[in-house]
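A look at the structure
Residues per chain, in single letters:
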Amino acid sequence: MVNRPPIKIVSGMPILGPFAENWENVQDFEAREDDLLIVTYPKSGTTWMSEILDLMIHNGDDMKTQRGAIFQRVPFLEYAVPDMPSGTEILNALESQRVIKSHLPAHLLPGSFWEKQCKIIYLARNVKDVLVSYYHFYRMAIVHPEPGTFDEFLQNFIDGKIAFGSWSDHVKGWWKIRHQKDILYLFYEDMLEDPKREILKVMKFIGKDLPEEVLEKIHQRTTFKTMKENHMANYSTIPSHVMDLSVSPFMRKGICGDWKDQLTVAQNEILDEYYKREMRDTDLTFRFEN
Ligand code: A3P
Ligand code: EST
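Below is a summary of the structure that appears in this document. Remember, predicted model here, so these are calculated numbers, not experimental data.

Analysis parameters
Residues take numbers from 1 onward in each chain, read along the sequence in its written order. All chains are assigned letters beginning at A, and all ligands numbers beginning at 1, according to the order in which they are written. Two thresholds apply to this predicted model, a pLDDT of at least 70 for residue-level local features and 80 or more for giving and counting side-chain atom pairs, whereas whole-chain, interface and lining totals are computed over all residues. Excluding hydrogens and water, the side-chain figures rest on all heavy atoms present in the structure. Only DSSP runs of H or I reaching four residues or more are called helices, and only runs of E reaching two or more are called strands; each is numbered from the N terminus. Lines fitted to C-alpha atoms define the axes, with helix axes restricted to the stretch in contact, and inter-axis angles between N-to-C directions lie between 0 and 180 degrees. Geometric relationships in this document are graded by angle, where less than 35 degrees denotes roughly parallel, more than 145 denotes roughly antiparallel, 65 to 115 denotes roughly perpendicular, and other angles denote oblique. By the definition used in this description, the sense in which the near helix is turned from the far one sets the handedness, with an anticlockwise turn below a right angle giving left-handed and a clockwise turn giving right-handed. What makes two residues a contact is simply this: any of their non-hydrogen atoms within 4.5 Å. Each residue receives one of three labels: charged for Asp, Glu, Lys and Arg, nonpolar for Ala, Val, Leu, Ile, Met, Phe, Trp, Tyr, Cys and Pro, and polar for the others, Gly being one of them. Whether a residue is near a molecule or strand depends on its heavy atoms: if one lies within 4 Å, it is near. Distance and chemistry together define a polar contact, namely a pair of N or O atoms within 3.5 Å, with one atom able to donate a hydrogen and the other to accept it when in protein, and with adjacent residues in sequence counting only for side-chain atoms on both sides. Per-residue and other accessible areas follow the Shrake-Rupley method at a 1.4 Å probe size, with only the shown protein chains counted as cover for residues. Burial status follows relative accessibility: with a 1.4 Å probe on protein chains alone, a residue under 20% of its type maximum counts as buried, one over 50% as exposed, and anything between as partly exposed. The pairing test for Phe, Tyr and Trp rings, Trp by its six-membered ring, is centres within 6.5 Å, and the orientation test on the planes gives stacked under 30 degrees, edge-to-face over 60, and tilted for anything in between. Either the NZ atom of lysine or the CZ atom of arginine qualifies as a charge over a ring when it sits within 6 Å of the ring centre and within 35 degrees of the ring normal. Here, a salt bridge means any side-chain nitrogen of Lys or Arg that lies within 4 Å of a carboxyl oxygen of Asp or Glu.

1. Considerations on unusual backbone geometry
- Residues Ser96 and Gln97 are joined by a peptide bond in cis, for which omega reads 5 degrees.
- Position of Gln97 relative to the elements: it lies in the loop between helix H4 (87-92) and strand E4 (99-102).
- Unusually for a residue other than glycine, Arg4 sits at a positive phi of about 50 degrees.
- Looking at the element boundaries, Arg4 is found in the segment before strand E1 (8-10).

What follows is the structure, encoded as structure tokens:
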């Protein structure tokens, strides 16, 4: 893969350069009725929710979840890099029941997900921790352009000039339609506060009835510490020239409020102002500390 390819624009949304090549197939993608879809803005806990759902559909059987890396078990719909099967190709060949990951804003989700009335789990995270996490992800994964200094990245983030576009449009767009469709809208901060409560919500939402000891097992297998050590969840199987975990691990901190250690007073003020401005027209709110 070319190092640090520039971002491209598809249907008005900035996307990772190589991903743009498969955009038509993404839009034409055929969802199936029993697909489970996880949607997030990047760095909002996608991998965490993916691991929970994969364990859940396999009734907590952690031998089954060792069958492959998380990005193979829960394929990324928009994924496309040269000389590798794309997300849509992988998904088309996969047996049901599929768990699918996507970073698409609501208005760009392929129509078949709505037609088939698929269950969608949307996971949102506060903007400050997302920004910090995304900056480190840009640094370590060469599929992204160079992030520049933190100040430069912050400006691009506020302008929506980063992969998958504006954070606020994303979280608000999905929030707006959550009651009209089969959408469970969750928060990363709530998952940290009481993971079992949130895991139970997911279980009920997907129509499962698992005993308490299985729920406990799912919880134990998806703690930050366990997932950080799990090679099938921590992205350590990706070659280091593609994702350099020594620059920043994928499982980096897994907390709420890391922004306090990372942002200067001035950067924090810029973000407060951004948040206030962008969230004026919604009743959606976020917690910035646990
Ligand atoms: P940090 O960079 O703040 O540590 P995504 O999977 O959407 O890319 O999100 C990655 C973020 O989720 C990272 O945040 C990562 O550490 C965190 N994360 C992954 N697994 C987690 C878990 N089991 N518990 C808490 N946070 C987790
Ligand atoms: C891109 C965005 C994102 O939020 C998560 C991931 C995880 C999987 C990553 C992909 C990505 C970018 C492209 C890769 C891929 C794993 C291999 C591939 O080259 C880095």
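On we go.
2. Quick word on the packing of helix H6 (residues 127-140) against helix H7 (residues 150-158)
- Packing of H6 against H7 brings their axes to within 11 Å, and their N-to-C directions diverge by 120 degrees. As judged from the angle between their axes, H6 and H7 are oblique. In this structure, the crossing between H6 and H7 has a hand that is right-handed. Packed against H6, whose contacting residues are Val127, Val130, Leu131, Val132, Tyr134, Tyr135 and Tyr138, the element H7 presents Phe150, Phe153, Leu154 and Phe157 at the interface.
- Here the contact of H6 with H7 is composed, by residue class, of eleven nonpolar, no polar and no charged.

3. Considerations on the site of ligand 2
- Lining the immediate surroundings of ligand 2 are 13 residues, of which Lys101, His103, Tyr235, Ile238 and Val242 lie closest.
- In this structure, His103 approaches ligand 2 through a side-chain N or O atom, which is 2.6 Å from an oxygen atom.
- Isolated, ligand 2 exposes 420 Å² of accessible area, and the fraction of that covered by the protein chains is 94%.
- Residues of the shell around ligand 2, tallied by class, amount to eleven nonpolar, one polar and one charged.

4. Description of the side chain of Asp258
- Among the structural elements, Asp258 can be located in the loop between helix H12 (224-229) and helix H13 (259-262).
- Since its relative accessible area comes to 2%, Asp258 is described here as buried.
- Those residues in contact with Asp258 that lie beyond four places of it in its chain are Asp129, Val132, Arg252 and Lys253.

5. Topic: the packing of aromatic side chains
- This model, assessed by the stated rule, comprises 27 aromatic pairs.
- Relative to Phe76, the ring of Phe19 has its centre 5.5 Å away and its plane inclined at 75 degrees; by these criteria the two rings are edge-to-face. With a gap of 57 residues between them, Phe19 in the loop between strand E2 (13-15) and helix H1 (23-27) and Phe76 in the loop between helix H3 (70-73) and H4 connect regions that are remote in the sequence.
- Phe19 sits in the buried class, given a relative accessible area of 3%.
- Through successive ring pairs, a cluster of aromatic residues spans Trp114, Tyr122, Trp167, Trp174, Trp175, Tyr185, Phe187, Trp259, Tyr275, Phe286 and Phe288.
- Here the basic side chain of Lys43 rests over the ring of Phe250, its NZ or CZ set 4.1 Å away from the ring centre.

6. Things to note about the pattern of salt bridges
- All told, the structure shown has 25 salt bridges when counted by the stated rule.
- Between Lys64 and Asp61 there is a salt bridge, with the nearest N and O atoms lying 3.8 Å from each other.
- Lys64 sits in the partly exposed class, given a relative accessible area of 44%.
- One salt bridge connects Lys253 with Asp258, and the closest N-O pair in it is separated by 2.8 Å.
- The partly exposed category is assigned to Lys253, whose relative accessible area is 35%.
- A single network of salt bridges, built from pairs that share partners, joins Asp190, Glu193, Arg197, Glu198, Lys201 and Arg287.

Any functional reading would require information beyond the geometric quantities listed.
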